[in-house]
Amino acid sequence: MDRDTAVRRLIAALPLAVLIVLVLVVTAKQPTFLGIRSIRTLLDGAAPILLLALGQTLVILTGGIDLSVAALASLGTVLLAKWLPGMGPGAIIAMLAALAFAGLLNGLACAYLQVPSFIVTLGAMGLWSGVSLSISGASTISITKGYDAIGWIRDLRLAQLPASFVLAALLAVLAAVVIRVFARGRLLHAMGLAERAALMSGVRTPRVRLAAFALSGLFAGLAALLLSASQFSGSPTLADALLLPTIAAVVVGGSAITGGVGGPLRTLVGALIIAVLRVGLSVVGVDPSYEQIVYGAVVIAAVALTLDRSRMGVVK
């Protein structure tokens, strides 16, 4: 086994090792951490991050990035709060469809207007935030009538674990199987590794990009469902703070920010690392206001480890 292969395998195994070490350290500081109640709280917090990160993973695999996922999730909570009283369970389907369509619009701008995904989604982040503020009147909307349509996800337990996280984890496994087994799923990696070569071999790369962004919007909608159920409300800023942890979950899990390397199962591990890290910071007494600083440092460190510099002529 040559040196490069050994290094790649070491980097691939590193996220799981980091997760184990974090769990051991937090447990040493707080012995009750592995109790069922603590684990439920941990997984409840990890579920929306995992869902947002799964959508982000699909986009990153193609070589792009979606900075609008958190803003879309916030918009989803507002739409649910507005639509649930009149539409009941139908509001869930309508909201998911609306956010998938919003993601599709992001993809259209990237694929057919040839605008870099960073620029498109940075603008979309402001656009969808503005839509949320306009619809909600820049205020939190409590969900009372119609809450039963989404409240079940908050209280349901599967094998004593939160159904929200179990379902999110199952979606991660399903996405991983689809990507590995089906040829169209493998196009995400092919496009991220060498988009020009994929295009010349007959792959309709614009369609792949559209699918990735639409699914990112759909996953943002699922995250919005969990957030609305847990907070009993919708807010134009409810999910905004999750953008950095979401990106951190993807890159900490071992997916290369340059695309083509990684997958949903790695993101599952990354989301658990971020969830345990949040608890660990609290245990050691770090002020919650400093969490974003930690996440930013984690993203930079993870990208430095996973960045494939051989595919970049110049690092700008």
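Procedures and definitions
- Residues numbered from 1 in each chain as written.
- Predicted model: local features only at pLDDT ≥ 70, side-chain atom pairs only at ≥ 80, totals over all residues.
- Heavy atoms only, no water.
- Helix = DSSP H or I, 4+ residues; strand = E, 2+ residues; numbered from the N terminus.
- Areas by Shrake-Rupley, 256 points an atom, 1.4 Å probe, with all protein chains shown as cover.
- Salt bridge = Lys/Arg side-chain N within 4 Å of Asp/Glu carboxyl O.
- Axes fitted to C-alpha atoms, helices over the stretch in contact; angles between N-to-C directions.
- Parallel < 35°, antiparallel > 145°, perpendicular 65-115°, else oblique.
- Contact = heavy atoms within 4.5 Å.
- Nonpolar A, V, L, I, M, F, W, Y, C, P; charged D, E, K, R; others polar.
- Core = buried A, V, L, I, M, F, W, Y, C linked by side-chain atoms within 4.5 Å.
- Buried < 20%, exposed > 50% of the residue type's maximum accessible area, 1.4 Å probe, protein only.
- Patch = residues over 30% accessible without salt bridge, like charges linked within 9 Å, V, L, I, M, F, W, Y side chains within 5 Å.
- Expected span 1.5 Å × (residues − 1).
- Arc of directions from axis to C-beta.
- Lys, Arg positive; Asp, Glu negative; His and termini not counted.
- Polar contact = N/O pair within 3.5 Å; in protein donor to acceptor, adjacent residues only side chain to side chain.

> Please clarify how the overall build of the protein chain should be interpreted in this entry.
Scanning the protein chain for helices and strands turns up 13 helices and four strands. Counting only carbon and sulfur atoms, one obtains 68% of the accessible surface of the protein chain, whose full area is about 15,000 Å².

> Please clarify how the pattern of salt bridges should be interpreted in this entry.
A side chain of one charge can pair with a side chain of the opposite charge when the charged atoms of the two come close. Considering all chains together, one arrives at one salt bridge under this definition. A salt bridge links Arg154 to Asp155, with the nearest nitrogen and oxygen atoms 3.3 Å apart.

> Help me understand the packing of helix α7 (residues 163–181) against helix α12 (residues 264–283) in this model?
What describes two packed helices is the angle between their axes and the distance between those same axes. The N-to-C vectors of α7 and α12 enclose an angle of 150 degrees; their axes lie 8 Å apart at closest approach. If you check the angle between α7 and α12, you find them roughly antiparallel. Taken together, the residues of α12 that come into contact with α7 (itself represented by Phe165, Ala169, Ala172, Val173, Ala175, Ala176 and Ile179) are Pro264, Leu265, Leu268 and Leu272. Among the residues forming the contact of α7 with α12, the class breakdown is eleven nonpolar, no polar and no charged.

> When you look at the nonpolar core in this model, what are you seeing that I'm missing?
Across soluble globular proteins, you tend to see nonpolar side chains buried next to one another. Counting residues in each nonpolar core, the largest one holds 88 residues, and the members touching the most others are Met95, Ile150 and Phe165. When residues no more than four places from it in sequence are discounted, the contact partners of Phe165 are Leu43, Ala46, Ala47, Leu50, Leu268 and Leu272.

> How should I be thinking about the packing of helix α6 (residues 148–155) against helix α10 (residues 205–231) in this particular structure?
Where α6 meets α10, the closest approach of the two axes is 8 Å, and the angle between their N-to-C directions is 90 degrees. Between α6 and α10, the angle falls in the class roughly perpendicular. Between α6, through Ile150, Ile153 and Arg154, and α10, the contact on the second element is made entirely by Leu225, Leu226, Ser228, Ala229 and Ser230. Looking at side-chain class alone, the contact of α6 with α10 contains five nonpolar, two polar and one charged residues.

> Explanation requested: a nonpolar patch on the surface in the structure shown.
Among the surface-exposed residues, Val173, Leu174, Val177, Val178, Val181, Phe182 and Leu265 lie close enough to one another that they form a single nonpolar patch of about 600 Å² accessible area. Tracing the chain through its elements places Val181 in helix α7.

> How do you make sense of unusual backbone geometry when you look at a structure like this?
Residues other than glycine predominantly adopt negative phi, and peptide bonds predominantly adopt the trans conformation. Phi at Gln114 takes a positive value of approximately 60 degrees, unusual for a residue other than glycine. Mapping Gln114 onto the fold places it in the loop between α4 (90–112) and α5 (117–136).

> Honestly, the side chain of Thr267 in this entry has me stumped. Any pointers?
By the element assignment, Thr267 lies in helix α12. Take Thr267: its relative accessible area is 0%, and that puts it in the buried class. Residues in contact with Thr267, not counting those within four places in the same chain, are Leu50, Ala53, Leu54, Thr57, Ala249, Val250 and Ser255.

> Honestly, α5 in this entry has me stumped. Any pointers?
Counted at 1.5 Å a residue, the expected span for α5 with its 20 residues is 28 Å, and the 27 Å between its end C-alpha atoms agrees. Those residues of α5 that sit buried are Ser117, Val120, Thr121, Ala124, Trp128, Ser129, Ser132 and Ser136. Each buried residue of α5 sits inside an arc of 160 degrees when the element is viewed along its axis, so together they form one side. Buried residues along α5 sit against α3 (69–87), α4, β1 (141–142) and α10. Looking one or two residues beyond α5, the residue adopting positive phi is Gly137, at roughly 70 degrees.

> What exactly am I supposed to notice about the environment of Gly76 here?
Tracing the backbone shows Gly76 in helix α3. Since its relative accessible area comes to 0%, Gly76 is described here as buried. Look past the residues within four positions of Gly76 in its chain and what remains in contact with it is Met95, Leu99 and Ala224.

> Is there a simple way to think about α10 in this case?
Side chains of residues three or four places apart in an α-helix project in the same direction, reflecting 3.6 residues per turn. For α10, which comprises 27 residues, the first-to-last C-alpha distance of 39 Å matches the rise-based estimate of 39 Å (1.5 Å per residue) to within 8%. In terms of burial, α10 is largely enclosed, as 19 of its 27 residues are buried. Phe232 occupies a position one or two residues after α10 and carries a positive phi of about 60 degrees.

> Looking at this structure, how should I read the side chain of Asp66?
Note that Asp66 resides in the loop between α2 (36–61) and α3. One buried charged side chain, Asp66, makes no salt bridge at all; its nearest oppositely charged neighbour is Arg209, positioned 11 Å away. Only 2.6 Å separates the side chain of Asp66 from the side chain of Ser68, close enough to count as a polar contact. A polar atom in the side chain of Asp66 sits 2.9 Å from the side chain of Ser216. Contacts of Asp66, omitting those with residues within four sequence positions, involve Gln56, Val59, Asn106, Thr121, Phe213, Ser216 and Leu243.

Bear in mind that shape data such as this cannot, by itself, settle questions of function.
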